[in-house]
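# Examination of the molecular architecture
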Amino acid sequence: MDLFEYQGKQYFARFGIPVSPGGVASTVDEAVALSERLGYPVVIKAQVQVGGRGKAGGIKLAADAGEAREHASAILGMDIKGHVVRAVWVERASDIAKEYYASFTLDRGAKAHLAMVSARGGVDIEQVAAEDPAAIARLHVDPFLGFSPEQAHELVARAGLDDEAAEGAADVLVKLYRCFVEGDADLVEVNPLVLTPDGRVHALDAKVTLDDNAAFRHPEWEEFAGTVELDERERMARKMGLQYVGLDGFVGIIANGAGLAMSTCDVVNQVGGMPANFLDIGGGASAEVMANALEVISSDTNVRSIFVNIFGGITRGEEVANGIVTALGRVDITVPMVIRLDGTNAAQGREILRSVESGKVISSPNMMDAARRAVALAGGVQK
Ligand code: GDP
Ligand code: MN
């Protein structure tokens, strides 16, 4: 689960990481009132879960109420890389002497935590990694031993941060590691971590991804649930109780069970296609669930064919097939569809599917063959 910047900063604050005082506003009047309370200059920041907000015009300094109103009006409702700004974070503007970068993530390959610090902050870190990899100091942290103040100092020195920033930056790093571990995050990133002209170090931006698997021990995460950004289809699917994740490809996928849905995505890739989504309809495959799934998928204009991959278990093949037949009567499908039905009573199920088979609705008992046909019907392999 990704947090908005303002939520990330509130998370940081719980672990003692210094952030600027501020508040959230969803209307222009609220933003102005907040600015008045904080005192000028303030910075007004678009709250969307995408980087590069500054470059897109989503971050502006305001010196008085007039400017606060002007910038809040421009930023609220703004579209940044497909994300509409519904709220702004307003905070006291900081004077900046230097901008640095700091993060902790999990390095699965190394079975360790990975700390990264750079004196080249405030810019896209991927770009720094590509242009000048030596500018990022890295340190693997043994999760059983933890991260010591000595390691923090060593990392700060290796990254070449300014001497005035060393103490403050090392302190932030130690707290950031606690936030990462005790806060059950997959990623904590501060870009930029700033040094002010009077020698203080604090977090000017916050990117926090929480580990959903740890949600059971964080009842307080409930407050974030309502703010998770979903696209239109993800919202629609969530309401219908379907496990849907949108992807960038062109073959719509419906499968029962998360494992089968993942294998279906793999197989589509393997034969040269690209999945448009991951959709797990769960154990059953009633007409209603199938109709809902088809509705969600066919609302995606990138979808050029649909691959339905169902393995009958407790839900028998004939029930699945009846569900598909009824769903096809309810939802108007404009793209071709390939159905692979296997498992319990698959033969009876396939017999039932005959009534809907045509040049555009094809049944194939073999998963690989079905994937190939779905990709071919979508217009073939993507270049
Ligand atoms: P991002 O572009 O989405 O990563 O947004 P950031 O929160 O990192 O802000 C982008 C840039 O805006 C920073 O690197 C700073 O240069 C600038 N900025 C943000 N907050 C302040 C502030 O309080 N004062 C000043 N002077 N600049 C700021
Ligand atoms: Mn940033």
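Residues numbered from 1 in each chain as written. Chains lettered and ligands numbered in written order. Predicted model: local features only at pLDDT ≥ 70, side-chain atom pairs only at ≥ 80, totals over all residues. Heavy atoms only, no water.

### Observations concerning the packing of helix 10 (residues 287-298) against helix 11 (residues 317-330)
The condition that has to hold: Fitting a line to C-alpha atoms yields each axis, with helices limited to the stretch in contact; the angle taken between N-to-C directions then spans 0 to 180 degrees. Numbering of helices and strands runs from the N terminus; a helix is a DSSP stretch of H or I covering at least four residues, while a strand is a stretch of E covering at least two. Throughout, the term roughly parallel applies to angles under 35 degrees, roughly antiparallel to angles over 145, roughly perpendicular to angles from 65 to 115, and oblique to all others. Crossings are classed by handedness, with left-handed meaning an anticlockwise turn of the near helix from the far one by less than a right angle and right-handed meaning a clockwise turn. In this analysis, two residues are considered to be in contact whenever any of their non-hydrogen atoms come within 4.5 Å of each other. Polarity classes work like this: nonpolar for Ala, Val, Leu, Ile, Met, Phe, Trp, Tyr, Cys and Pro, charged for Asp, Glu, Lys and Arg, and polar for all others, with Gly in that last group.
Closest axis-to-axis distance for the helix 10/helix 11 pair is 8 Å, and the angle between their directions is 50°. By the criterion of interaxial angle, the relationship of helix 10 to helix 11 is oblique. Both helix 10 and helix 11 take part in a crossing whose hand is right-handed. In this structure, helix 10 contributes Ala287, Glu288, Met290, Ala291 and Leu294 to the contact, and helix 11 contributes Gly323, Ile324, Thr326, Ala327, Leu328 and Arg330. Broken down by class, the residue content of the contact of helix 10 with helix 11 amounts to 7 nonpolar, 2 polar and 2 charged.

### Quick look at the coordination of the manganese ion (ligand 2)
Defined as follows: The donor definition counts N, O and S atoms within 2.8 Å of each metal and applies 3.2 Å to Na, K and Ca; water is not among these atoms, so some sites may look incomplete.
Coordination of the manganese ion (ligand 2) by the protein involves Asn191 (O) and Asp205 (OD), with metal-donor separations of 2.2 Å. Here the residue asparagine 191 occupies a position in strand 10 (residues 185-195), and aspartate 205 occupies one in the loop between strand 11 (201-203) and strand 12 (207-210), the gap between them amounting to 14 residues.

### Some thoughts on the domain arrangement of the protein chain
Cut-off, in case you're wondering: For the purposes of this description, domain bounds are those given by an automatic or database domain assignment.
Here the protein chain is described as being made up of domain 1 (21-92), domain 2 (98-225) and domain 3 (232-377). A separation of 42 Å is found between the C-alpha centroids of domain 2 and domain 3.

### Looking at the pattern of salt bridges
In plain terms, the rule: Salt bridges are defined as contacts in which a side-chain nitrogen from Lys or Arg sits within 4 Å of a carboxyl oxygen from Asp or Glu. Remark: exposure states derive from per-residue accessible area (1.4 Å probe, protein chains only) relative to the maximum for the residue type, with buried under 20%, exposed over 50%, and partly exposed in between.
Taken as a whole and assessed by the stated rule, the structure comprises 22 salt bridges. As a salt-bridge pair, lysine 9 and glutamate 91 come within 2.8 Å of each other at their nearest N and O atoms. One end of the pair, lysine 9, is in helix 1 (residues 5-14); the other, glutamate 91, is in strand 6 (residues 88-92), and 82 residues separate them in sequence. Each member of the pair, lysine 9 together with glutamate 91, is buried. We note a salt bridge from lysine 175 to aspartate 171, for which the minimum N-O separation is 2.9 Å. Here lysine 175 pairs with aspartate 171, and both are found in helix 6 (residues 163-182), just 4 residues apart, close to one helical turn. Owing to a relative accessible area of 37%, aspartate 171 belongs among the partly exposed residues under this scheme.

### A few points about the site of ligand 1
As a reminder of what qualifies: Whether a residue is near a molecule or strand depends on its heavy atoms: if one lies within 4 Å, it is near.
Lining the immediate surroundings of ligand 1 are 16 residues, of which Lys45, Arg53, Ile59, Ser94 and Glu99 lie closest. For the shell around ligand 1, the per-class residue count stands at 7 nonpolar, 5 polar and 4 charged. There are two domains that each give the shell around ligand 1 at least three residues, and those are domain 1 (21-92) and domain 2 (98-225).

### Details of the sheet that holds strand 3 (residues 59-62)
Quick note on the threshold: Any two strands are treated as partners once DSSP identifies two or more bridges connecting them.
The sheet built from 4 strands is open, its strands ordered 1-6-2-3 with antiparallel pairing. Both edges of this open sheet fall to strand 1 (22-25) and strand 3, since each of them pairs with a single strand only. When the angles between neighbouring strand axes are averaged without regard to direction, this sheet yields 20°. Pairing geometry for strand 2 (residues 42-46) and strand 3, over 4 bridges, is antiparallel. From the neighbouring strand, valine 43 faces strand 3, where its bridge partner is leucine 61. Packed on one face of the sheet, helix 3 (residues 65-75) meets strand 2, strand 3 and strand 6 and runs near 165° to strand 3.

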